[in-house]
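For reference, the chains in residue letters:
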Amino acid sequence: MSTVGPEDGAATAEERFTRDSADIEAILADGDLSVTQEWIKIARRRRPENPARALRLLHLIGVWRPVDRLIEDAEKFDGRDAAQILGVAALHRSIPDTAAILLAKWPEPLAVEVARTFARQRLTIDVAEIIVFLKTRYADRDEAAEIVETMLNEIAWGGAMPGGGGRTIRDVELIHVHLVAGRRTHEAQQLLTRVLSRTWERGFAYALAMEFNHDAPQRNVLGDWARDTVKTRKPDTLAIAVMRDLIHGCGPLDGIQARRLIADVGGTWPAEPLARLCVDLLKCDCDDRVAAVYRSAARRSELFEVALVIKECWASSALGGVREELLRAAVVGSSPHSVPLTVDQVNELAKLVSELDTPEAPNQIRILARLDGCRGADLADLLEARTGKRRRAAGLDLARRLAEAAKAGTVDATAVAGYISSLRGRSWSEARQAADDAVDELTGIAHSSPDVVADVAVNLFREDRTRKDAEDLLNRYLLNPGVLSATDLVTLVGRVRGTELGRRALVDALRETVRRWPPSRRREAVDRLRKAGFGHEADQISRS
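A. Quick look at the overall build of the protein chain. In terms of helices and strands, the protein chain carries 31 helices and 0 strands. Since a compact globule built from 544 residues should have a radius of gyration of about 24 Å, the 42 Å found for the protein chain marks it as more spread out than a globular shape. Here the C-alpha coordinates of the protein chain stretch approximately 140 × 45 × 35 Å along the principal axes. Here the protein chain holds 544 residues, and 50% of them are scored as buried. Expressed as a percentage of contacts within the protein chain between residues at least 6 apart in sequence, the contacts between residues at least 24 apart total 67%.

Right, dumping it as structure tokens:
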């Protein structure tokens, strides 16, 4: 040892360096460490005692003794001093040397303490590297697997059981990144699972996600972990808690983070845990986020998956407020996915939902079907698929929507005529009434339009089975002067004139209807027709 005695202090850095250099030389030269052990005893027993001196010597042994002799050296000390020597060695030696120390035949408490010391205090990249080294170089040794387990527990929990926590969030994220880089994804996922099983307050998972976002912005690490958990492992309560924390804290819904999370959850999570997640989000006053999640879920490519989502949403009374939006998004679409389902798809979805025993939802799905682009027969199929007492109400609703859409120009008159024609060919009891309802709406005060009435009537007149409907439609419209103005009459005559309906039925319809108008209204109609060049039609009215 150096000439400085154990009771002496080293006041300056130069003195400490001189003493350490001398001590290192003495320790390296002390073959069986007997001299060093004696100095440690002196440092602890003489008065005044100098415990720091003893600890310093133990430290130097751990740092400087050759690794092949270090294990033998440590056995010469009691348990605490051996743990001190090996713990120091684990913090200062190379990865292969540290692995050799960790894998030595130690009493279990000592081996565990050294592994915990390494996991707790070594640089994050070193911790990841030792785990990779042990799992690859010593994959066939059970002791290596046990050491890795001890280290993962220490990093995550600060011990063998879940608790308040081990290393910092930043350290956990860095170790995870290095483990993935070392192709130890399994251990990386195990680390995440244990870290997230800590006792943590709201915001913890989001803070961890932000660390990952800093170093791996293109990856959704916690989102991927949560998705894999709910799909492959039970229980999934932890994954739901994590995702609730992420969605709650992910910022504005139009932000990149929110869009990524919501698209992933809505598009991939199984329906049952998705519903439980949304219930938890409602408890956090995240109604807008729940709606966004369900809008995303509604656009899944497989209709059966959408049906399952609807079923689980209906199964929870807490989600009653979001059901209509879910169905609307599924059937009609929502920004940026605004492509509606076809009528065949609507019927298929309603059938699937019905088979999953979800009351009321099938009827509501059919009500929401988009009319634009549909053929008349498709619309009749949609109504026929309705069952029970609600078919009558559904027929009235569909007739109203068709009339509105035709007047707005979003549904072609051919489709309206095709709907009426198709209904006339159906055998179910409400079909005739549904066709009559459509005619009523086309001629009613709310949705009537001379262009639409004329075009629908012209199309209906082309088929034998609906010629009477064409004449009825024309007559009922012309008999309603409270809806029809003289200008409207001119428009209608102009569109019908020259068609088969115009040649065969228009004049008779004018005679049977406009002649019943009040005299002043009838004279105005005649004058307007003449000015528009429809003298023949005007003459038929005036002669009557």
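B. View of helix 16 (residues 271–283). An ideal rise of 1.5 Å per residue puts 18 Å on 13 residues; helix 16 measures up with 19 Å between its terminal C-alpha atoms. Those residues of helix 16 that sit buried are Ala271, Pro273, Leu274, Ala275, Leu277, Cys278, Val279, Asp280 and Leu281. Just downstream of helix 16, Asp285 is the residue with a positive phi angle, here 60 degrees.

C. The arrangement of the side chain of Arg401 in detail. Tracing the backbone through its elements, the reader meets Arg401 in helix 23 (residues 390–408). In this structure, Arg401 is buried with no salt-bridge partner, the nearest side chain bearing the opposite charge being Asp397 at 4.2 Å. Here Ile367 takes part through its backbone oxygen, which lies 2.2 Å from a polar atom of the side chain of Arg401. Within the structure, Arg401 has its side chain in polar contact with the backbone oxygen of Ala369 (distance 2.5 Å).

D. Region of the structure containing the confidence of the model for the protein chain. Summarising the model, the protein chain shows a mean pLDDT of 87, and 94% of its residues fall at 70 or more. Confidence over residues 3–17 falls short of pLDDT 50; this stretch has 20 contacts with residues more than four positions distant or in other chains.

E. Here's a closer look at the packing of aromatic side chains. Within this structure, the stated rule accounts for 2 aromatic pairs. Ring centres 5.9 Å apart and planes at 65 degrees place the aromatic pair Phe133 and Tyr138 in the edge-to-face group. Of note, Arg467 hangs over the ring of Phe461, and the distance from its end group to the ring centre comes to 5.1 Å. Between the NZ or CZ atom of Arg521 and the centre of the ring of Trp517, over which it lies, the distance is 5.2 Å.

F. Inspection of unusual backbone geometry at higher detail. Its identity is not glycine, yet Asp285 carries a phi of approximately 60 degrees, on the positive side. Tracing the sequence through the fold places Asp285 in the loop between helix 16 and helix 17 (287–298). Under the relative-accessibility criterion, Asp285 is labelled exposed at 67%. Despite not being glycine, Glu360 has its phi angle at roughly 75 degrees, a positive value.

G. Looking closely at the nonpolar core. Core analysis: the largest hydrophobic core is formed by 183 residues, its most contacted members being Tyr294, Ile310, Leu349, Tyr419 and Leu489. Each residue touching Tyr294, except ones within four places of it in the same chain, is listed here: Leu274, Ala275, Cys278, Val309, Cys313, Leu319, Val322 and Leu326.

H. Representation of the side chain of Arg227. Within the secondary structure layout, Arg227 lies in helix 13 (residues 221–232). Leaving out residues up to four positions away in the same chain, Arg227 has contacts with Asp264, Thr268 and Trp269.

I. How the structure looks around helix 27 (residues 467–478). Compared with the 16 Å implied by 1.5 Å per residue over 12 residues, the 17 Å span of helix 27 between its first and last C-alpha is a close match. Among all positions of helix 27, only Asp469, Ala470, Leu473, Leu474, Tyr477 and Leu478 are buried. With its buried residues spanning 160 degrees around the axis, helix 27 presents them on a single face. For helix 27, the secondary structure elements touched by its buried residues are helix 24 (413–424), helix 25 (431–443), helix 26 (450–461), helix 28 (486–496) and helix 29 (500–513).

J. Focus on the packing of helix 22 (residues 376–384) against helix 24. Interhelical geometry of helix 22 versus helix 24 gives an angle of 50 degrees and a closest axis separation of 7 Å. By the criterion of interaxial angle, the relationship of helix 22 to helix 24 is oblique. The element helix 22 and its partner helix 24 pack so that their crossing is right-handed. Between helix 22, through Gly376, Ala377, Leu379, Ala380 and Leu383, and helix 24, the contact on the second element is made entirely by Ala415, Gly418, Tyr419, Ser422 and Leu423.

K. Local environment of the packing of helix 18 (residues 303–315) against helix 19 (residues 323–331). For the pair helix 18 and helix 19, the least separation of the axes is 10 Å and the interaxial angle reads 170 degrees. Considering their axes alone, helix 18 and helix 19 lie roughly antiparallel with respect to each other. Together, Val306, Val309, Ile310, Cys313 and Trp314 of helix 18 and Arg323, Leu326, Leu327 and Ala330 of helix 19 make up the contact between the two elements. Its residues assigned to classes, the contact of helix 18 with helix 19 shows 8 nonpolar, no polar and 1 charged.

About the criteria used
Sequence order as written defines residue numbering, which begins from 1 separately in each chain. For this predicted model, a pLDDT threshold of at least 70 governs which residues receive local features, and a threshold of 80 or more governs which side-chain atom pairs are given and counted, while totals over whole chains, interfaces and linings are taken from all residues. Each side-chain value is worked out from all heavy atoms of the structure, with water and hydrogens disregarded. In this description a helix means any DSSP run of H or I spanning at least four residues, a strand means any run of E spanning at least two, and both kinds are numbered starting from the N terminus. Values of the radius of gyration come from C-alpha atoms, whereas the globule rule sets the reference at 2.2 Å times the count of residues to the power 0.38. Categorising residues by exposure relies on relative accessible area from a 1.4 Å probe, with only protein chains included: less than 20% of the type maximum marks a residue as buried, more than 50% marks it as exposed, and the intermediate range marks it as partly exposed. Any two residues whose heavy atoms approach within 4.5 Å are treated as being in contact. The span expected for a helix works out to 1.5 Å for each residue beyond the first. Charge assignment: positive for Lys and Arg, negative for Asp and Glu; neither His nor the chain ends contribute. What counts as a salt bridge is simple: a side-chain nitrogen of Lys or Arg found within 4 Å of a carboxyl oxygen of Asp or Glu. Two N or O atoms form a polar contact when they lie within 3.5 Å of each other; inside protein one atom must be a possible hydrogen donor and the other a possible acceptor, and for residues adjacent in sequence the pair counts only when both atoms belong to side chains. For every residue, the predictor states its confidence as a pLDDT score lying anywhere from 0 to 100. Stacked, tilted and edge-to-face are the three classes applied to pairs of Phe, Tyr and Trp rings, where Trp contributes its six-membered ring and a pair requires centres within 6.5 Å; stacked means planes under 30 degrees apart, edge-to-face means over 60, and tilted covers the rest. In this analysis the charged atom, NZ for Lys or CZ for Arg, is taken to sit over a ring once it is within 6 Å of the ring centre and within 35 degrees of the ring normal. Note on terminology: a nonpolar core comprises buried Ala, Val, Leu, Ile, Met, Phe, Trp, Tyr and Cys residues joined through side-chain atoms within 4.5 Å. Here the arc refers to the directions that run from the helix axis out to each C-beta atom. Throughout, an axis means a line fitted to C-alpha atoms (over the contacting stretch in the case of helices), and angles, computed between N-to-C directions, take values from 0 to 180 degrees. For classification purposes, an angle smaller than 35 degrees is called roughly parallel, one larger than 145 roughly antiparallel, one from 65 to 115 roughly perpendicular, and anything else oblique. If you view the pair so one helix is near and one far, a crossing is left-handed when the near helix is turned anticlockwise from the far one by less than a right angle, and right-handed when it is turned clockwise. Gly counts as polar in this scheme, as do all residues outside two lists: the nonpolar Ala, Val, Leu, Ile, Met, Phe, Trp, Tyr, Cys and Pro, and the charged Asp, Glu, Lys and Arg.

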